[in-house]
Amino acid sequence: AQSVTQLDSQVPVFEEAPVELRCNYSSSVSVYLFWYVQYPNQGLQLLLKYLSGSTLVKGINGFEAEFNKSQTSFHLRKPSVHISDTAEYFCAAVNTGTASKLTFGTGTRLQVTL
Amino acid sequence: NAGVTQTPKFQVLKTGQSMTLQCAQDMNHEYMSWYRQDPGMGLRLIHYSVGAGITDQGEVPNGYNVSRSTTEDFPLRLLSAAPSQTSVYFCASSLRGFGYTFGSGTRLTVV
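Residues numbered from 1 in each chain as written. Chains lettered and ligands numbered in written order. Predicted model: local features only at pLDDT ≥ 70, side-chain atom pairs only at ≥ 80, totals over all residues. Heavy atoms only, no water.

Looking now at the interface of chain B and chain A. Contact with chain B, which involves 22 residues of that partner, is made by 20 residues of chain A. Overall, the association of chain B and chain A removes approximately 1,600 Å² of surface from exposure, summing both partners, and the carbon and sulfur fraction of that is 58%. For chain B, the biggest contributors to the area lost against chain A are B:Phe98, B:Tyr100 and B:Phe102; these three give 31% of the whole. Counting across the chain B and chain A interface gives zero salt bridges. Counting across the chain B and chain A interface gives six residue pairs in polar contact (both at pLDDT 80 or more). A class-by-class count of the residues in the side of chain B that touches chain A yields eleven nonpolar, nine polar and two charged. (Contact = heavy atoms within 4.5 Å. Buried area = accessible area lost by both parts, 1.4 Å probe. Salt bridge = Lys/Arg side-chain N within 4 Å of Asp/Glu carboxyl O. Polar contact = N/O pair within 3.5 Å; in protein donor to acceptor, adjacent residues only side chain to side chain. Nonpolar A, V, L, I, M, F, W, Y, C, P; charged D, E, K, R; others polar.)

Right, dumping it as structure tokens:
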């Protein structure tokens, strides 16, 4: 079974500053990796996903993530954040073989201020 | 398309009561799952299904039952509600795991 670790529970950042949200995974088999965003009192929205191919993945709202197999990481980045990016961000992984049990990290709260 | 539809959005139960949370998807997705979200714990998998007639337990299945008689529907049953089941519940569906689509959630309070 795979596991996902999000190292930071909260990340405060000023508007227009860059941000990186960290995610590490552990698995004995190949995984697909995802980042989801959750705005207050809403469901989860898919930001981006890594299935195969290029290790740099671009998503919605200007976010991107880089898959690093040697470091088992999938960090999320944005070069310039906006107030509207304030939300909870979840990293998730699923075994490529069965792909039926999506495992989540505990989430990172991104707080953007002026 | 409606995507993944969950009902109800809010529910208050008394300890010991039973209820069913409904989940329906119109994307012809094979995989469906139920998660609960609790503060500081992320989302934890309760039960999942890889097709009609096939279900299996996730990380926290105790106190919950599921069935999958059709591709579209995946109801979650609370057999005898307990305060520990107070949570936000999310249903999700996927085409073979290539990215899950989530419903808007059901906020359940057990008193």
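Tracing the sequence through the fold places B:Asp38 in the loop between strand E4 (31–37) and strand E5 (43–51). For B:Asp38, the side chain forms a polar contact with the side chain of B:Arg36, separated by 2.9 Å. (Helix = DSSP H or I, 4+ residues; strand = E, 2+ residues; numbered from the N terminus.)

All names here are of chain A. Going through the model one piece at a time under the given rule, you end up with two disulfides over all chains. Across the disulfide from Cys-23 sits Cys-91; the S-S distance is 2.0 Å. Between Cys-23 and Cys-91, the S-S dihedral sits near -65 degrees, and the bridge is therefore left-handed. Placement of Cys-23 in the loop between strand E3 (19–21) and strand E4 (24–26) and of Cys-91 in strand E10 (residues 87–95) is noted, with a sequence separation of 68 residues between them. With respect to class, Cys-23 is no different from Cys-91; both count as buried. (Disulfide = S-S within 2.5 Å. Buried < 20%, exposed > 50% of the residue type's maximum accessible area, 1.4 Å probe, protein only.)

Turning next to the pattern of salt bridges. According to the stated counting rule, one finds eight salt bridges over all chains in the structure shown. The salt bridge partner of A:Glu64 is A:Lys58, with a shortest N-O separation of 2.8 Å. Look at A:Lys58 and you get exposed, because its relative accessible area is 60%. As a salt-bridge pair, B:Arg96 and B:Glu30 come within 3.3 Å of each other at their nearest N and O atoms. On the criterion of sequence distance, the pair formed by B:Arg96 in the loop between strand E9 (87–94) and strand E10 (100–102) and B:Glu30 in the loop between strand E3 (19–25) and E4 is long-range, its members being 66 residues apart. Overall, the relative accessible area of 43% leaves B:Arg96 in the partly exposed class. A single salt-bridge network, built from bridges that share partners, covers A:Glu20, A:Glu66 and A:Arg77.

A separate point is the confidence of the model for chain A. For chain A, the average pLDDT comes to 94, and 100% of its residues sit at 70 or higher. Per-element averaging of pLDDT across chain A places strand E11 (residues 103–104) of chain A at the bottom with 93 and E3(A) at the top with 98. (pLDDT = per-residue confidence, 0-100.)

Moving on: the sheet that holds strand E1 (residues 4–7) of chain B. Residue and element names in this part refer to chain B. The antiparallel open sheet is built from four strands, whose spatial order is E1-E3-E8-E7. The strands lining the two open edges of the sheet, one partner per strand, are E1 and strand E7 (64–66). If you compare each strand with its neighbour and ignore which way they point, the axes differ by 20 degrees on average. Bridging between E7 and strand E8 (residues 76–78) involves three bridges; their strand directions are antiparallel. (Pairing = 2+ DSSP bridges. Axes fitted to C-alpha atoms, helices over the stretch in contact; angles between N-to-C directions.)

For the rest of this paragraph, the subject is the nonpolar core. With 28 residues, the main nonpolar core has A:Trp35, A:Leu48, A:Phe74, A:Leu76 and A:Tyr89 as its most contacted residues. Listing elements by their share of this core, those giving two or more residues are strand E2 (10–14), E3, strand E5 (31–38), strand E6 (44–50), strand E8 (64–68), strand E9 (73–78), E10 and strand E12 (108–113) of chain A. Counting 20 residues, the second-largest nonpolar core is a separate cluster that includes A:Phe104, B:Tyr35, B:Leu45 and B:Tyr48. (Core = buried A, V, L, I, M, F, W, Y, C linked by side-chain atoms within 4.5 Å.)

This paragraph deals with the side chain of A:Asp85. Its place among the elements puts A:Asp85 in the loop between E9 and E10. Discounting residues that sit within four places of it in the chain, A:Asp85 has contacts with A:Phe63, A:Lys78, A:Leu110 and A:Val112.

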